[in-house]
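For reference, the chains in residue letters:
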Amino acid sequence: MSSSRRKDILLVALGGNALIQKGQTGTIEEQFDNLKVPIRQIARLSRTFRVLITHGNGPQVGNLLMQQECCPSVPKLPLEILVAQTQGQLGYMIETSLDSALMDLGIQSEQRIVSLLSYVVVDESDPAFNEPSKPIGPVYTDIEARHLSYPVRKTAKGYRRVVVSPKPITIVEKREIRALIDRDFIVICCGGGGIPVVREGRSFAGVDAVIDKDLASAALAKEAGADIFLIATDVPGAALQYGTSEQRFLRQMTVSEAQTYCEHGHFPPGSMLPKIEAACQFISAGGKRSVITSILDIEAAVAGKAGTEIRPD
Ligand code: ADP
Ligand code: MG
């Protein structure tokens, strides 16, 4: 058994905001610059952990959709192809950033990195298919929205395309991922929640959907046998009464406390709720540790000094 086999497995799920922060236009320079903060920490952690990295793609897939809208002469691509594109672009950006950070630490020869296109199986009979719920891409005016060929919904910002967001069932490449981490590769996978596919007999077919990246990461954390499942975002953790004068960030909560807070509406769908659900799923399935933290505090959270830790009852 190699010494790396004895290292615990750390899965870090990076929020889309790790690359494009609120208020930024999202130039490539900004994205590379933002990435340095979490990636330097992950590079240092790779000395003590076998590392898996997943990432969001909200802003990036939104930009690709906008580019499609601007060019009517080129055939439009379905969503699963756009998700695949973002896995390629973000995989490349994370991988090269990590490579540089490992080089700065002088450990690039010990750590090998691979970015994996990954698809995630969803269930065709998932009730989520009956109700497109997730707003994505550009904002349209009332008149523009009437001429679109896909479902739209009025949101606080204006009309937006809505897509279905089914639950992830299993990561198709789980065996490959496990084999790679066992051989001490740092693996970047399940970007943007994974390319959504359904089983069709003996093959897979892509579907026009977006899987939540936190829930896909929880599925991966279970299937890859992660010891620590860390969700890194742009706030210090989960708060009660978020955004009010009574706001209070929690350092820890049990799975049943989390459920009670969810019932009381502390965590909205589409942002904090999927993170809480993902962490609870992992812990309820026997996972050791799960923590929601800021991209600034990844190392501190691993050391138990930052973030919101979700504990078994
Ligand atoms: P990511 O790209 O990391 O998935 P999201 O925007 O989906 O980020 O989720 C993080 C956001 O959740 C925070 O920026 C914050 O504004 C929002 N949020 C909503 N409710 C809460 C809460 N109760 N505690 C902490 N953050 C919350
Ligand atoms: Mg999110």
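Relevant structure appears above.
The rules behind the values
- Residues numbered from 1 in each chain as written.
- Chains lettered and ligands numbered in written order.
- Predicted model: local features only at pLDDT ≥ 70, side-chain atom pairs only at ≥ 80, totals over all residues.
- Heavy atoms only, no water.
- Helix = DSSP H or I, 4+ residues; strand = E, 2+ residues; numbered from the N terminus.
- Rg over C-alpha atoms; globule rule 2.2 N^0.38 Å.
- Buried < 20%, exposed > 50% of the residue type's maximum accessible area, 1.4 Å probe, protein only.
- Contact = heavy atoms within 4.5 Å.
- Areas by Shrake-Rupley, 256 points an atom, 1.4 Å probe, with all protein chains shown as cover.
- Lys, Arg positive; Asp, Glu negative; His and termini not counted.
- Charge placed at Lys NZ, Arg CZ, Asp CG, Glu CD.
- Near = heavy atom within 4 Å.
- Polar contact = N/O pair within 3.5 Å; in protein donor to acceptor, adjacent residues only side chain to side chain.
- Nonpolar A, V, L, I, M, F, W, Y, C, P; charged D, E, K, R; others polar.
- Phe/Tyr/Trp six-rings, centres within 6.5 Å; stacked < 30°, edge-to-face > 60°.
- Lys NZ or Arg CZ within 6 Å of the ring centre and 35° of its normal.
- Axes fitted to C-alpha atoms, helices over the stretch in contact; angles between N-to-C directions.
- Parallel < 35°, antiparallel > 145°, perpendicular 65-115°, else oblique.
- Left-handed = near helix turned anticlockwise from the far one by under 90°.
- Arc of directions from axis to C-beta.
- Core = buried A, V, L, I, M, F, W, Y, C linked by side-chain atoms within 4.5 Å.

Engineer: Mind showing me how you'd approach the overall build of the protein chain here?
Structural biologist: A tally of regular secondary structure across the protein chain gives nine helices and 17 strands. A compact globule built from 313 residues should have a C-alpha radius of gyration of about 20 Å, and the protein chain, at 19 Å, falls within 12% of that. Judged by the C-alpha coordinates and their principal axes, the protein chain covers about 60 × 45 × 45 Å. When burial is assessed residue by residue, the protein chain has 52% of its 313 residues classed as buried. Contacts in the protein chain between residues at least 24 apart in sequence constitute 73% of all its contacts with a sequence separation of at least 6. Accessible area of the protein chain: about 14,700 Å², with a carbon and sulfur share of 52%. Averaging the locations of the 34 positively and 35 negatively charged side chains of the protein chain gives two centres separated by 3 Å.

Engineer: What should I look at first to understand unusual backbone geometry in this one?
Structural biologist: With the exception of glycine, most residues fall at negative phi, and the peptide bonds are largely trans. Even without glycine at this site, aspartate 184 takes up a positive phi of about 75 degrees. As for its position among the elements, aspartate 184 is in the loop between helix H5 (174-182) and strand S9 (185-188). You can call aspartate 184 buried: its relative accessible area is 17%. In this model, glutamine 241 sits at a positive phi of 50 degrees, which is unusual for a non-glycine residue. Considering the arrangement of structural elements, one finds glutamine 241 in the loop between strand S13 (239-240) and strand S14 (248-249).

Engineer: Looking at this structure, how should I read the site of ligand 1?
Structural biologist: Near ligand 1 lie 19 residues; those nearest to it are Lys22, Thr233, Asp234, Ala239 and Lys275. Alanine 239 has a polar backbone atom sitting 2.7 Å from a nitrogen atom of ligand 1. Taking 570 Å² as the accessible area of ligand 1 by itself, protein coverage stands at 84%. Among the residues forming the shell around ligand 1, the class breakdown is seven nonpolar, eight polar and four charged.

Engineer: I'm lost on the packing of aromatic side chains in this one. Help?
Structural biologist: Centre-to-centre distance and the angle between the planes together describe a pair of aromatic rings. Enumeration according to the criterion identifies four aromatic pairs in this entry. A ring pair is formed by tyrosine 119 and phenylalanine 204, whose centres lie 5.8 Å apart and whose planes are at 70 degrees; its orientation type is edge-to-face. Of this pair, tyrosine 119 sits in strand S4 (residues 119-121) while phenylalanine 204 sits in strand S11 (residues 203-206), and the two are 85 residues apart along the sequence. Residue tyrosine 119 is classed as partly exposed on the basis of its relative accessible area, which comes to 31%. In this structure, arginine 112 is placed above the aromatic ring of phenylalanine 185, and the distance from its NZ or CZ to the ring centre is 4.2 Å. Looking at arginine 161, its charged tip hangs above the ring of tyrosine 150, at a distance of 4.0 Å from the centre.

Engineer: When you look at the packing of helix H6 (residues 213-223) against helix H8 (residues 272-284) in this model, what are you seeing that I'm missing?
Structural biologist: The description of two helices packed together rests on the angle between their axes and the distance between the axes. Their axes nearest at 8 Å, the elements H6 and H8 cross at an angle of 10 degrees. One way to sum up the angle between H6 and H8 is to call them roughly parallel. Considering how the two elements wind past one another, H6 and H8 form a crossing that is right-handed. In contact with Lys213, Asp214, Leu215, Ala218, Ala221 and Lys222 of H6, H8 contributes Pro274, Lys275, Glu277, Ala278, Gln281 and Phe282. When its residues are assigned to classes, the contact of H6 with H8 shows six nonpolar, one polar and five charged.

Engineer: Would you explain helix H7 (residues 255-263) in this entry?
Structural biologist: A turn of α-helix holds 3.6 residues, and therefore any two residues three or four places apart point the same way. The set of residues buried in H7 consists of Val255, Ala258 and Tyr261. All buried residues of H7 lie within an arc of 120 degrees about the axis, which places them on one face of the element. Positive phi appears at glycine 265, one or two residues downstream of H7, with a value of about 75 degrees.

Engineer: Sorry if this is basic, but what is going on with the nonpolar core here?
Structural biologist: The nonpolar side chains of a soluble globular protein tend to be buried, and buried together. If you look at the biggest cluster of nonpolar residues, it comprises 49 residues, and the most contacted ones within it are Leu52, Leu220, Phe229, Met253, Phe267 and Ile276. Taken together, the elements giving at least two residues each to this core come down to strand S1 (8-14), H5, S9, H6, strand S12 (228-233), H7 and H8. By residue number, the principal contributor to this core is H8, which donates eight residues. Ignoring sequence-local partners within four residues, the contact set of leucine 220 consists of Leu11, Leu52, Thr54, Ile171, Ile177, Cys189, Cys190 and Gly225. In terms of nonpolar packing, the next biggest core, distinct from the first, is built from 31 residues, Ile39, Leu230, Ala232 and Val302 among them.

Engineer: I'm lost on the environment of valine 12 in this one. Help?
Structural biologist: Looking at where valine 12 falls in the secondary structure, it is placed in strand S1. Valine 12 gets classed as buried once you look at its relative accessible area, which sits at 0%. In the structure, valine 12 is positioned 194 residues away from glycine 206 in sequence and 26 Å away in space, judged by C-alpha atoms. For valine 12, the contacting residues outside a window of four places in its chain are Ile42, Leu52, Ile53, Thr54, Leu230, Ala232 and Ile298.

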